[in-house]
Amino acid sequence: MEWLTAPFEAAFVQRALWAGILVSAICALAGTWVVLRGMAFLGDAMSHGLLPGLAVAALLGVDLLVGAVVSAAVMAAGVTALRRTPKLSQDTGIGLLFVGMLSLGVIIVSRSQSFAVDLTGFLFGDVLAVREGELILLGAALLAALAVSALGHRAFLALAFDDRKARTLGLRPGLAHASLLGLLALAIVASFHIVGTLLVLGLLIAPPAAALPWARSVRGVMALAAALGAAAVFGGLQLSWHLGTAAGATVSALAVGLFLLSHAASGIRHRCRTAPLPAAAVPANAPTTRSNDT
């Protein structure tokens, strides 16, 4: 039991745990829609798109959160604008924004004297450096994510299956898509300090994808994803403490590991359900079919 509780006797690990739980809940709300709509590439692009804002904020001595918010807003606006270009596929536009923002970020960071240190922190995060004030911001971000999810649930659900159906129902798919991008940006901004811009997809996508085979509703996927994300944070901090590994990367890797376990268990369950019964298990008076009914 001491092996489980020892890491959390340190105040900074306790803060890291609470921060990870809050971020897991935010990522569950946004990540469920990312998984349902097949928007993983967009999430990856937006997470990398934070780098220029983070780099500028670091060079100017401004709070990194400000730079992350600005970059996320630019990426969301760029994706929305390119979505309206009929001759350009959405994936192409996202890919160009992805490469452009990432390149710009590396160029800006390379102007700093502490290039390696800054870039490592940006890309991989530092969950053990979370401060009490950041926990309050994460709590506020969770409330905002809950509000957006509740208000936009019906529109997001229609948008996930058919844009035209959403328009027919008067749900304004353009506004719904912009709101969903805002929710995704909120999750990424909230997560980058925990697992960094490179590993944010571990918490954003893996828990919802792991929950999908076991839940019967979208809200069920969100709730189970939040629980799986929190479990990944708890286990990741444990392993990081005892093995001396990077905390953010360990959390992200464990989240992906939970997805692989869920996928394997779901496959076994499916095979068990579809496997034919052995002959001995079929009742003697069971009706039989004839091959020559005609």
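Residues numbered from 1 in each chain as written. Predicted model: local features only at pLDDT ≥ 70, side-chain atom pairs only at ≥ 80, totals over all residues. Heavy atoms only, no water.

With reference to specific residues and values, describe the side chain of Ser-191.
In this structure, Ser-191 sits in helix H10 (residues 173-204). Under the relative-accessibility criterion, Ser-191 is labelled buried at 0%. A polar contact of 2.6 Å, which involves the side chain of Ser-191, links it to the backbone oxygen of Ala-187. (Helix = DSSP H or I, 4+ residues; strand = E, 2+ residues; numbered from the N terminus. Buried < 20%, exposed > 50% of the residue type's maximum accessible area, 1.4 Å probe, protein only. Polar contact = N/O pair within 3.5 Å; in protein donor to acceptor, adjacent residues only side chain to side chain.)

Which residues make up the packing of helix H2 (residues 11-37) against helix H8 (residues 132-161), and what values go with them?
Relative orientation of the contacting elements H2 and H8 amounts to 15°, with a least axis distance of 10 Å. With respect to their mutual orientation, H2 and H8 come out roughly parallel. As for the relative orientation of H2 and H8, their crossing is left-handed in sense. Of the residues contributing to the contact of H2 with H8, the split by class is 19 nonpolar, three polar and three charged. (Axes fitted to C-alpha atoms, helices over the stretch in contact; angles between N-to-C directions. Parallel < 35°, antiparallel > 145°, perpendicular 65-115°, else oblique. Left-handed = near helix turned anticlockwise from the far one by under 90°. Nonpolar A, V, L, I, M, F, W, Y, C, P; charged D, E, K, R; others polar.)

Account for helix H3 (residues 40-48), with residues named and values stated.
The buried fraction of H3 amounts to seven of the nine residues, a majority that puts the element mostly inside the structure. All of the buried residues in H3 are Leu-42, Gly-43, Asp-44, Ala-45, Met-46, Ser-47 and His-48.

A description of the packing of aromatic side chains should follow, citing residues and the corresponding values.
Given two aromatic rings, their pairing is described by the distance between the two centres and the angle made by the two planes. Tallied over the entire structure, the rule returns three aromatic pairs. On the numbers, 5.1 Å between centres and 10° between planes, the contact of Phe-8 with Phe-234 is stacked. Here the residue Phe-8 occupies a position in the loop between helix H1 (2-5) and H2, and Phe-234 occupies one in helix H12 (residues 218-243), the gap between them amounting to 226 residues. Judged by its relative accessible area of 13%, Phe-8 falls in the buried class. (Phe/Tyr/Trp six-rings, centres within 6.5 Å; stacked < 30°, edge-to-face > 60°.)

Distances and angles like these do not, on their own, reveal function.
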